[in-house]
Amino acid sequence: MRRSPDGGKTFPRCKDEGRRRLEVALSTELPSQPATIPVGDVHAGTGRMVVLDVDMGRVPEQITDRRGHLVQVVDRVAVLLGRAGCRYILDRSPSGGFHLYIPFSLPRPFRELRELAEALSRRFPVIDPAPMYQPDSQIRPPGAAHKVRDGRLSGYLRLHGMSLAAAVDVARRPNGAAAWNALHEELEAELAAAARGGNVLVPSAGSWAPVDGRGYHWSPRPGGARPLPPRLEELARTGDHAAHGYATRHQARMALFGALFYRGWRFHEVEQSMAPGGCWPGLAVLWERKRGWRGKSAAEHLWQKIAGETRRGEAGPDSYTSGLVPTPPPSLPAETTDDPDNVKLLGDLPVRHPVAYGQLTQYQQIRQWHNAVRIAQQDPEMLAEWGGAAASILSLLKALGAAAQMSGATTIEFGARNLSLMTGVHYTTVASLLQTLASGPNAFVDLVRRGRREQADAYLLVIPKKYESEAAWRSWRAGRIEALHPVFLVLKVPASLVYDALGTTPLSPAELARVTGLGSSTVTRALTRLAEHGLAERAGPGLWRRGRCTLDEVAVEVDALTRRQELIDAHQADRAIWRSLIASWDATIEQAAQKAAAAQTAEPTEQPARRGRPLPPGAKRAPRHLSAPARIRPITQDELEQAKDAEIEEILAQAAIELQELVATDIAYARALAAADHTEALADEQLLAAERDDYETGLTEMRLQREQPDPLQPAPG
């Protein structure tokens, strides 16, 4: 904890140029002066809680009852956390503000905790996300002294709306995987807006609709679910469709379900509202005597139909037209766990319950596999195993995820040249890296079928054993998995990884290196290159954020599209050569087969009958049995077959000679092509070697910094 030297105004580490240390270990004694604790682990870059600072200073000026407004906001936050099943600790400051602490059972990357705090700040603007900007940010905990003014203590931060025993119970039994996933689901729209760089986009017709934890599509809205208009609210309460202008109950059901879907409601919330004792008994009346089919209720089918029309863009929020019912998601088994957080333990880590990996849809399996890739990107052991090729491997993994989403399946058949365009490295390097990713205990892909002729190798996306449980623990990241943008064919792969990590929140190069898995010197060079083109900008001393220029604008500036077209043309030329080679093989074999078949089916030619000398007048020929034997022996059937075999052998021998000449020519061309590829591969290897040297240099610098004594630490004795 840190003790304040000036009565709670500041909380520095040291005072008097380091001679008096103000940061000390926690103890059971209450500090005699205002003190704070860190919100995360600065050395590991992780944290176990999300801290929300409900600040009086962020209340709009036009609101007169500022304290009452904060109480209302805290109540709304408590309702949201209650829906997500999150346990929390709440305290109140003498100044009127509040602190909410949401603890979790496992340490999470601090960036994910910061994203949750920023998402909650987008939902409730009076929440200040500043305490979650850095792992070593400070916060006054419950029971801490507030401030000392004029020699008098202004008070303490006290628990609000809960007892000390309840707060201790929350700290001892923090939130598990189910609460983590449910909170991400509640904040789906705000998290997606942060991933887009801060632009809040409302889902529209034809857009992709995410799936909630129960397997139903829904349409998340910034700010949460919105209430129904008064007219539809009254219809849901009364069920009188005729009085509200609907000719049939079907039209009324379609109007209500369409409005609820587009306003961000989820299906289980609608079910609870029209259940006995719910707030919408009229909606239940509209569904009376309506039977379902195929194991689904009629309400489920209508909800899925509206979701399907949303994806196709066939209906709007006021439409009640019928359409084709899309394929519903797989039914999920009932929850049977006794764990209060609905978490089933697997090894040391909890996993999402009850949906197993095999029960997920193809798209959900792709997102869970992408979770494993994100974990590996921050795993020092895996990065050390990949070595200098880590940047290229991470780019290739992103390309594989994008290819899987394009195919709609976890088995992909993309050739090395196609993946090369999506990765930014040479196709020979892509082929080598695929073999690396498909081997060993930490394989991310599995070769299920080798390519033949024009068909590429088929790879299955798999999750390594060491990441299975944590990948299931994490929530799925919204949006598409983007392959390499053409601009990074010029700016190179490390710049793409750093650009993906940048956002509206300022980050230091050290944190970018931890997030991307790159060396510190590589990150510094990438930031410099991005800043030259306006893709990154400084946000303060030692902090960076995403720049204002777009990737498309920079791609035009650096002529990246021309470079991409040159690669496409080269790949098409290679494919044309390969297809002509296959065609020549097919033509030679087919020609030889046709000649052999023609020789086998040809009928033997009949020899013309020999005519003898003419008989003298009046002479008669002798009877046949007295005729002299023929001087020429007739050809037997065996001799005829031998002649055919000899002819066939001659044809095949000639075909073999022609094929050898063709193959010799193709081999010479292939060798020339391989020599050119080898030259490009050497260039890639040199680039990888440079990145490896940078990585080693960064490690050496870190070791030297750790070995140097802390100038702020007093000398012993």
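None of these values were measured; they are calculated from a predicted model.

Peer 1: So what's going on with the overall build of the chain? Which residues, and what values?
Peer 2: When its secondary structure is counted, the chain shows 23 helices and 19 strands. Counting the 717 residues in the chain, one finds 43% classified as buried. For the chain, the share of sequence-separated contacts (at least 6 apart) that also reach a separation of at least 24 residues comes to 69%. For the chain, the accessible surface area stands at approximately 39100 Å², while carbon and sulfur atoms represent 53% of it.

Peer 1: Any chance you could break down the packing of aromatic side chains for me, citing the residues and the numbers?
Peer 2: Counting across every chain of the model gives 7 aromatic pairs. Taken together, a centroid distance of 5.1 Å and an interplanar angle of 45° make the contact between Trp265 and Trp280 tilted. Linking Trp265 in the loop between helix 7 (249-262) and helix 8 (267-274) with Trp280 in the loop between helix 8 and helix 9 (281-286), this pair joins segments that are 15 residues apart in sequence. Just as Trp265 is buried, Trp280 falls in that class too. Between the aromatic rings of Trp369 and Phe444, the centroid separation amounts to 6.4 Å while the plane-to-plane angle is 85°, which identifies the pairing as edge-to-face.

Peer 1: For unusual backbone geometry, give the residues involved together with the corresponding values.
Peer 2: Backbone phi values are negative for most residues with the exception of glycine, while trans is the configuration of most peptide bonds. Phi at Lys492 is positive, roughly 85°, even though this residue is not glycine. Positionally, Lys492 belongs in the loop between helix 17 (488-491) and helix 18 (493-501). Of note in the backbone geometry, Asp559 takes a positive phi value of approximately 60° without being a glycine. Tracing the backbone through its elements, the reader meets Asp559 in the loop between helix 21 (551-557) and helix 22 (560-601). With relative accessibility at 44%, the residue Asp559 sits in the partly exposed group.

Peer 1: Please give an account of the side chain of Asp91 that cites residues and values.
Peer 2: Following the sequence through the fold, Asp91 ends up in strand 6 (residues 89-92). Nearest to the buried, unbridged Asp91 among oppositely charged side chains is Arg92, at 9.0 Å. A distance of 3.3 Å separates polar atoms of two side chains, one belonging to Asp91 and the other to Tyr101. When near neighbours in sequence (up to four residues on either side) are disregarded, Asp91 contacts Gly97, Phe98, His99, Tyr101, Arg140, Pro141, Pro142, Leu157, Arg158, Leu159 and His160.

Peer 1: Which residues make up the sheet that holds strand 9 (residues 138-139), and what are the values?
Peer 2: On the basis of which strands lie adjacent, the open sheet formed by 3 strands has the order 1-4-9 and antiparallel pairing. With partners counted over all chains shown, the strands left at the sheet margins are strand 1 (2-3) and strand 9, one partner each.

Peer 1: How would you summarise the sheet that holds strand 17 (residues 458-461) if you had to cite specific residues and measurements?
Peer 2: Strand order in this open sheet of 3 strands is 15-17-16, and the pairing throughout is antiparallel. A single partner strand is all that each edge strand has here, and the edge strands are strand 15 (411-412) and strand 16 (445-449).

Peer 1: Help me get a handle on the environment of Asp41, residues and values and all.
Peer 2: By secondary structure assignment, the location of Asp41 is in the loop between strand 4 (35-38) and strand 5 (46-54). Along the backbone, Asp41 and Ser137 are 96 residues apart, and their C-alpha atoms lie at a distance of 9.8 Å. Apart from the residues within four sequence positions on either side, Asp41 is in contact with Thr46 and Pro135.

Peer 1: Give me the nonpolar core: which residues, what numbers.
Peer 2: Within the largest apolar cluster, 70 residues are counted, with the highest numbers of intra-cluster contacts made by Trp386, Leu400, Phe444 and Leu530. Here this core takes 11 residues from helix 13 (residues 390-407), the largest share from any one element. Core analysis: the next-biggest nonpolar cluster, separate from the first, contains 47 residues, Val39, Leu81, Leu120 and Ala177 among them.

Peer 1: Kindly report on a nonpolar patch on the surface, identifying the contributing residues and their values.
Peer 2: A cluster of nonpolar side chains, namely Leu30, Val148, Leu153 and Tyr156, defines an oily patch on the protein surface of about 340 Å² accessible area. Relative to the elements of secondary structure, Leu30 occurs in the loop between strand 3 (20-21) and strand 4.

Peer 1: I'd like a rundown of helix 8, residues and numbers included.
Peer 2: With 6 of 8 residues buried, helix 8 lies mostly within the body of the structure. Listed as buried for helix 8 are Phe267, His268, Glu269, Val270, Ser273 and Met274.

Peer 1: A description of the packing of helix 13 against helix 14 (residues 416-423) should follow, citing residues and the corresponding values.
Peer 2: Remark: helix 13 packs on helix 14, axes separated minimally by 9 Å, with the N-to-C direction vectors making an angle of 110°. By the angle between their axes, helix 13 is roughly perpendicular relative to helix 14. As helix 13 packs across helix 14, the resulting crossing turns out to be right-handed. Residues Ser392, Ser395, Leu396, Ala399, Leu400, Ala402, Ala403 and Met406 of helix 13 lie in contact with helix 14, whose contacting residues are Leu419, Met422 and Thr423. Among the residues making up the contact of helix 13 with helix 14, the classes are represented as 8 nonpolar, 3 polar and no charged.

Peer 1: Please provide a residue-by-residue account of the pattern of salt bridges, values included.
Peer 2: Enumeration according to the criterion identifies 19 salt bridges in this entry. For Glu185, the salt bridge identified is with Arg266, shortest N-O distance 2.8 Å. Here Glu185 is found in helix 4 (residues 177-186), whereas its partner Arg266 is found in the loop between helix 7 and helix 8, with 81 residues between them in sequence. For Glu185, a relative accessible area of 12% puts it in the buried group. Residues Asp694 and Arg525 are paired through a salt bridge, measuring 1.9 Å at the closest nitrogen-oxygen approach. Of this pair, Asp694 sits in helix 23 (residues 637-707) while Arg525 sits in helix 20 (residues 520-532), placing them 169 residues apart in sequence.

Peer 1: An account of the confidence of the model for the chain is needed here, citing residue identities and associated values.
Peer 2: Per-chain confidence: the chain averages 77 in pLDDT, with 79% of residues scoring 70 or above. Low pLDDT, under 50, characterises residues 197-208; the stretch is placed with 25 contacts to residues that sit more than four places away or in other chains. Across residues 311-354 the pLDDT falls below 50, and counting only partners more than four positions away or on other chains, this stretch makes 93 contacts in the model.

Peer 1: An account of the pairing of strand 6 is requested, with residue identities and associated values reported.
Peer 2: Taken together, the 4 bridges between strand 6 and strand 7 (residues 98-109) define a ladder with antiparallel strand orientation. The residue bridging Asp91 from the neighbouring strand is His99, located in strand 7. Between strand 6 and strand 7, which pair antiparallel one after the other, the connecting turn spans 5 residues, and Gly96 there sits at a positive phi close to 105°. Across 2 bridges, strand 6 lies against strand 12 (residues 158-159) in antiparallel orientation. Each residue of the ladder has a partner; that of Arg92, found in strand 12, is Arg158.

Peer 1: An account of the environment of Glu300 is needed here, citing residue identities and associated values.
Peer 2: Here Glu300 shows up in helix 10 (residues 298-312). Counting along the chain gives 84 residues from Glu300 to Tyr216, while the straight-line C-alpha distance between them is 8.8 Å. The contact partners of Glu300, leaving out residues within four places of it in the chain, are Tyr216 and Phe267.

Peer 1: Talk me through the environment of Glu233; I want residue IDs and the actual numbers.
Peer 2: Within the secondary structure, Glu233 sits in helix 6 (residues 230-238). Only 3.0 Å separates the side chain of Glu233 from the side chain of Trp280, close enough to count as a polar contact.

Peer 1: Requested: an account of the packing of helix 11 (residues 362-377) against helix 16 (residues 465-473), with residues and values cited.
Peer 2: Two numbers describe how helix 11 lies on helix 16: the axes approach to 8 Å, and their chain directions differ by 110°. Judged by the angle between their axes, helix 11 and helix 16 are roughly perpendicular. Where helix 11 crosses over helix 16, the handedness of that crossing is right-handed. On helix 16, the residues touching Gln368, Asn371, Ala372, Ile375 and Ala376 of helix 11 are Tyr467, Glu470, Ala471 and Ala472.

What counts and how
- Counting restarts for each chain, with residues numbered from 1 along the sequence as it is written.
- Reporting in this predicted model follows two pLDDT cut-offs: at least 70 for local features of residues, and 80 or more for side-chain atom pairs to be given and counted; totals over whole chains, interfaces and linings ignore these cut-offs and use all residues.
- Each side-chain value is worked out from all heavy atoms of the structure, with water and hydrogens disregarded.
- What counts as a helix is a DSSP run of H or I of at least four residues, what counts as a strand is a run of E of at least two, and both are numbered from the N terminus.
- Buried means the residue's accessible area, taken with a 1.4 Å probe over protein chains only, is under 20% of the maximum for its type, while exposed means over 50%, and partly exposed covers the values in between.
- Contacts are residue-level and defined by heavy atoms, with any inter-residue pair within 4.5 Å sufficient.
- Reported accessibility uses the Shrake-Rupley method at a 1.4 Å probe radius. Residues are deemed covered only where the shown protein chains occlude them.
- Between rings of Phe, Tyr and Trp, where Trp is taken as its six-membered ring, a pair exists when centres lie within 6.5 Å; planes separated by under 30 degrees are stacked, by over 60 edge-to-face, and by other angles tilted.
- The charge count includes Lys and Arg as positive and Asp and Glu as negative, but it does not include His or the ends of the chains.
- What makes a salt bridge here is a side-chain nitrogen of Lys or Arg within 4 Å of a carboxyl oxygen of Asp or Glu, nothing more.
- What qualifies as a polar contact is a pair of N or O atoms within 3.5 Å, subject to a donor-acceptor requirement within protein and to the restriction that residues adjacent in sequence count only when both atoms come from side chains.
- Strands qualify as paired when DSSP identifies two bridges or more between them.
- In this text, buried Ala, Val, Leu, Ile, Met, Phe, Trp, Tyr and Cys residues form a nonpolar core when linked through side-chain atoms within 4.5 Å.
- Only residues whose relative accessible area exceeds 30% and that take part in no salt bridge are eligible for patches, with like-charged residues grouped when within 9 Å of each other and nonpolar side chains (Val, Leu, Ile, Met, Phe, Trp, Tyr) grouped when within 5 Å.
- To obtain each axis, a line is fitted to C-alpha atoms, and for helices this fit is confined to the stretch in contact; angles are then taken between N-to-C directions over 0 to 180 degrees.
- The cut-offs work like this: below 35 degrees is roughly parallel, past 145 is roughly antiparallel, 65 to 115 is roughly perpendicular, and the gaps in between are oblique.
- Two helices cross in a left-handed way if the nearer one is turned anticlockwise from the farther one by less than a right angle. They cross in a right-handed way if the turn is clockwise.
- In this classification, Asp, Glu, Lys and Arg are treated as charged, Ala, Val, Leu, Ile, Met, Phe, Trp, Tyr, Cys and Pro as nonpolar, and every other residue, Gly included, as polar.
- The predictor attaches a confidence to each residue, called pLDDT, with possible values from 0 through 100.

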